[in-house]
Amino acid sequence: MNDFDALLARVVEQVRAIGIPCSKTIIPQVLVNRRAVSRFGCCRYLPDGRCLIELTDRLLEAEERACMQTLAHEVLHTCRGCRNHGKRWQSYAARMNEAYGYSIARTGTCAELGVPDARPARYVLVCRSCGHTFSRTRASSLVLHPERYRCRCGGGLDRVR
């Protein structure tokens, strides 16, 4: 079982070591969210100005590296101008990836983080070129209009379920 609080302290040190200006008001205790199904972490700004980081309980048994990468993603959201995944956040993520070998991105997948997918897949789409599958729980625009989207390889998508 991972000690999220200790990992958070290590990640904050990493962020500051390469000169990324994360918040000084990060609460040092990570909140474990037992209801989160579609996200791995969350950075919440509290009314008093402090930042609270949450992680899903699915990461409790994950590899330490996956937890640290997710914590790094959330710590970057505490930086000024980084509440979203805009250019500044992306530049900080790229610096962390280069310095520490992370793969911080806007979104992560269960497969990338080595955790089981707890979401029921009501819809499944498949790339016609490479065969990659996309599972979705909701009838999103991707599910309703797969012809408007492409796989990373450039192939078209077909809904199979």
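Placed above this text is the structure.
My aim in this report is to walk through the structure given alongside it, one point at a time. From a predicted model like this one, the values you see are computed outputs, not experimental measurements.

This brings us to the packing of aromatic side chains. Inspection of the entire model under this criterion finds one aromatic pair. An angle of 45 degrees between the planes, with centres 6.1 Å apart, marks the rings of Tyr100 and Tyr102 as tilted.

A word on the packing of helix H1 (residues 4-17) against helix H2 (residues 64-76). Put simply, H1 and H2 touch, their axes get as near as 9 Å, and they point 60 degrees apart. Judged on the interaxial angle alone, H2 and H1 are oblique. The handedness of the crossing between H1 and H2 is right-handed. Where H1 approaches H2, its residues Phe4, Leu7, Leu8, Arg10, Val11, Val12, Gln14 and Val15 are matched on the opposing element by Glu64, Cys67, Met68, Leu71, Ala72 and Val75.

The next subject is H1. The end-to-end C-alpha distance of H1 is 20 Å, a good match for the 20 Å that 14 residues give at a rise of 1.5 Å each. Those residues of H1 that sit buried are Phe4, Leu7, Leu8, Val11, Val12, Gln14 and Val15. Buried residues of H1 fall within an arc of 160 degrees about the axis and therefore sit on the same side. Every exposed residue of H1 that faces more than 90 degrees away from the buried side is listed here: Glu13 and Ala17. Immediately downstream of H1, the backbone of Gly19 shows phi near 80 degrees, a positive value.

What follows is about the side chain of Glu54. Relative to the helices and strands, Glu54 resides in strand S3 (residues 51-56). Among the polar contacts made by the side chain of Glu54, one reaches the side chain of Arg44 at a distance of 2.3 Å. Setting aside anything within four residues of it in sequence, one finds Glu54 in contact with Val30, Leu31, Asn33, Arg39, Phe40, Gly41, Cys42 and Arg44.

Conventions we followed
The numbering scheme is per chain: residues are counted from 1 as the chain's sequence reads. Local features in this predicted model are restricted to residues of pLDDT 70 or higher, and side-chain atom pairs are both shown and tallied only at a pLDDT of 80 or more, whereas totals for entire chains, interfaces and linings draw on every residue. Each side-chain value is worked out from all heavy atoms of the structure, with water and hydrogens disregarded. Stacked, edge-to-face and tilted labels apply to pairs of Phe, Tyr and Trp rings (six-membered ring for Trp) whose centres lie within 6.5 Å, assigned for plane angles under 30 degrees, over 60, and everything in between, in that order. Structural elements are reduced to axes, namely lines fitted to C-alpha atoms, with helices fitted over the stretch in contact, and the angle between N-to-C directions of any two is expressed from 0 to 180 degrees. Numbering of helices and strands runs from the N terminus, with a helix taken as a DSSP run of H or I at least four residues long and a strand as a DSSP run of E at least two residues long. Orientation categories follow fixed angle ranges, with anything under 35 degrees roughly parallel, anything over 145 roughly antiparallel, 65 to 115 roughly perpendicular, and all other angles oblique. Left-handed describes a crossing whose near helix is turned anticlockwise from the far helix by less than a right angle; the clockwise case is right-handed. For this analysis, residues touch if any pair of their heavy atoms sits within 4.5 Å. The span expected for a helix works out to 1.5 Å for each residue beyond the first. The rule is simple: take the accessible area with a 1.4 Å probe, protein chains only, and divide by the maximum for that residue type; under 20% is buried, over 50% is exposed, in between is partly exposed. Think of the arc as the fan of directions from the helix axis to the C-beta atoms. Polar contact is defined as a pair of N or O atoms within 3.5 Å, subject to the rule that within protein one atom must be able to donate a hydrogen and the other to accept it, and that residues adjacent in sequence are counted only when both atoms are side-chain atoms.

Taken by themselves, the reported measurements are silent on function.
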